Amino acid sequence: MDQRSVSVFPPWRRVVQAEAISWLNAHRAEPGTSIITSLPDVSEVPPHRFDEWRAWFINAARTVIRWLPGDGVAIFYQSDIRFEGRWVDKGYLVMRAAEEEGAELGWHKIVCRRPPGNIAPGRPSYSHMICVAPKIGAAPSRPGPDVLPDAGHMSWSRAMGEVACRVACRFLRDETATRLVVDPFCGEGSILAMANAFGLAAIGIDLSGKRCKAALQQVIQAP
Ligand SMILES: C[S@@+](CC[C@H](N)C(=O)[O-])C[C@H]1O[C@@H](n2cnc3c(N)ncnc32)[C@H](O)[C@@H]1O
């Protein structure tokens with residue numbers, strides 16, 4: 001396991017090259033920890049058989065939710081796919097995992113990846129951003145829009161857009177007890193960089209050494 005961190009000034013960031021589920025199973029979440037993440041698509045997870053990926057996805061989402069401390073929340077950012085003609089609703093898969101873990105739904109936002117009204121022949125033109133928790137205490141004191149018209153800048157094709165990262169991190173800072181954000185599938189670290197910009201510490205995990213390196217370096221200006 002390769003582990004690197006930048007900690008010259010708070011809030012700190014640590015990036016670990018590891019398998020996410022094993023890492024979660026080996027580490028206990030402290031109070032004040034929340035997760036923001038995008039679980040990988042079928043094309044990113046071997047074995048590539050669709051039904052195996054689907055079962056893996058639900059189990060991975062369940063592990064993420066189960067790992068949370070009592071005061072933590074999990075925010076999933078997932079884009080649906082079309083697979084051999086079938087529409088695969090990842091929002092449903094996340095909600096199914098939440099229900100199986102007895103977790104509650106705090107909110108569900110739609111994030112447009114293309115302007116509404118456009119025809120998207122490939123991937124659907126929106127993503128789900130879904131917040132679940134073991135216990136939802138109250139509605140947000142300052143609720144934001146349910147539909148975000150633009151995901152914002154993406155550092156690579158599978159990145160979580162900057163606007164979506166900002167909305168998720170602002171919610172954690174302003175509406176929860178979160179001090180540490182963990183992204184177990186951190187990619188190039190958009191969430192880690194945004195969490196730091198909001199004054200929150202961050203831990204990222206990813207299988208790819210190249211993306212771990214990028215995740216340590218990514219900087220997003222304070223909002
Ligand atoms: C959808 S991308 C995440 C993108 C990220 N949110 C960003 O903004 O860059 C999923 C990431 O999961 C990683 N990954 C796939 N399987 C993994 C596993 N079992 N454990 C840890 N990381 C994994 C991939 O390398 C990829 O970077």
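### Observations regarding the packing of helix α4 (residues 162-175) against helix α5 (residues 190-197)
Their axes nearest at 9 Å, the elements α4 and α5 cross at an angle of 50°. Relative to α5, the element α4 lies oblique. Handedness of the α4/α5 crossing: right-handed. Two secondary-structure elements touch here, α4 through E162, C165, R166 and C169 and α5 through S190, I191, M194 and A195. Residues that form the contact of α4 with α5 fall into these classes: five nonpolar, one polar and two charged.

### Some words on the packing of aromatic side chains
Tallying each qualifying case throughout the model produces six aromatic pairs. With 6.1 Å between their ring centres and 50° between their planes, W23 and W67 make a pair best called tilted. Here W23 is found in helix α1 (residues 20-26), whereas its partner W67 is found in helix α2 (residues 50-67), with 44 residues between them in sequence. Each of the two residues, W23 as well as W67, counts as buried. Plain terms: the ring middles of F50 and F83 are 4.5 Å apart, the flat faces sit at 20° to each other, and that makes the pair stacked. Of this pair, F50 sits in helix α2 while F83 sits in strand β5 (residues 81-83), and the two are 33 residues apart along the sequence.

### Quick notes on the site of the ligand
Within the structure, the ligand sits among 20 residues, and E19, W156, S190, D206 and R211 are positioned closest to it. S190 places a polar side-chain atom, nitrogen or oxygen, 2.9 Å from an oxygen atom of the ligand. Burial of the ligand by the protein amounts to 95% of the accessible area it has alone, namely 610 Å². Considering only residue class, the shell around the ligand consists of 10 nonpolar, four polar and six charged.

### Details of the nonpolar core
Judged by nonpolar contacts, the single largest core of 39 residues is most densely connected at W23, I35, W53, F76, V182 and I205. Those elements giving two or more residues to this core turn out to be α1, α2, β4 (74-79), β5, α3 (90-100), β8 (126-133), β10 (180-183) and β11 (201-206). Sorting elements by how many residues they give to this core places α2 first, with nine residues. Leave out the neighbours within four places in its chain, and F76 touches T37, L39, A61, V64, I65, V94, H128, M129, I130 and V132. With 33 residues, the next largest nonpolar core counts V73, A133, A151 and I220 among its residues.

Procedures and definitions
- Throughout this description, residue numbers start from 1 for each chain and increase along the sequence as written.
- Given that this is a predicted model, residues contribute local features only at a pLDDT of at least 70 and side-chain atom pairs are listed and counted only at 80 or more, while totals for whole chains, interfaces and linings are drawn from all residues.
- Each side-chain value is worked out from all heavy atoms of the structure, with water and hydrogens disregarded.
- Note on geometry: axes are C-alpha line fits, over the in-contact stretch for helices, and angles between N-to-C directions span 0 to 180 degrees.
- Here a strand is any run of E in DSSP of at least two residues, a helix any run of H or I of at least four, and the numbering for each starts at the N terminus.
- Oblique is the label for any angle not under 35 degrees, not over 145, and not in the 65 to 115 range, which are roughly parallel, roughly antiparallel and roughly perpendicular in turn.
- Rotating anticlockwise by less than a right angle from the far helix to the near helix defines a left-handed crossing, while the corresponding clockwise rotation defines a right-handed one.
- Here a residue-residue contact requires only that any non-hydrogen atoms of the pair lie within 4.5 Å.
- Amino acids outside the nonpolar list (Ala, Val, Leu, Ile, Met, Phe, Trp, Tyr, Cys, Pro) and the charged list (Asp, Glu, Lys, Arg) are all regarded as polar, and Gly is one of them.
- Aromatic rings from Phe, Tyr and Trp, with only the six-membered ring used for Trp, were paired whenever their centres fell within 6.5 Å, and each pair was classed as stacked if the ring planes differed by under 30 degrees, edge-to-face if by over 60, and tilted otherwise.
- In this scheme, a residue with accessible area under 20% of its type's maximum is buried, one over 50% is exposed, and one in between is partly exposed, where area comes from a 1.4 Å probe on protein chains only.
- A single heavy atom is enough: if one lies within 4 Å of a molecule or strand, its residue is considered near that molecule or strand.
- Polar contacts, as used here, are pairs of N or O atoms within 3.5 Å; protein pairs need one atom able to donate a hydrogen and one able to accept it. Residues neighboring in sequence count only if both atoms are side-chain atoms.
- Where accessible areas are quoted, they stem from the Shrake-Rupley method and a 1.4 Å probe; at the residue level, only the protein chains shown are allowed to cover.
- Here the nonpolar core consists of buried residues drawn from Ala, Val, Leu, Ile, Met, Phe, Trp, Tyr and Cys, with membership extended through side-chain atoms lying within 4.5 Å.

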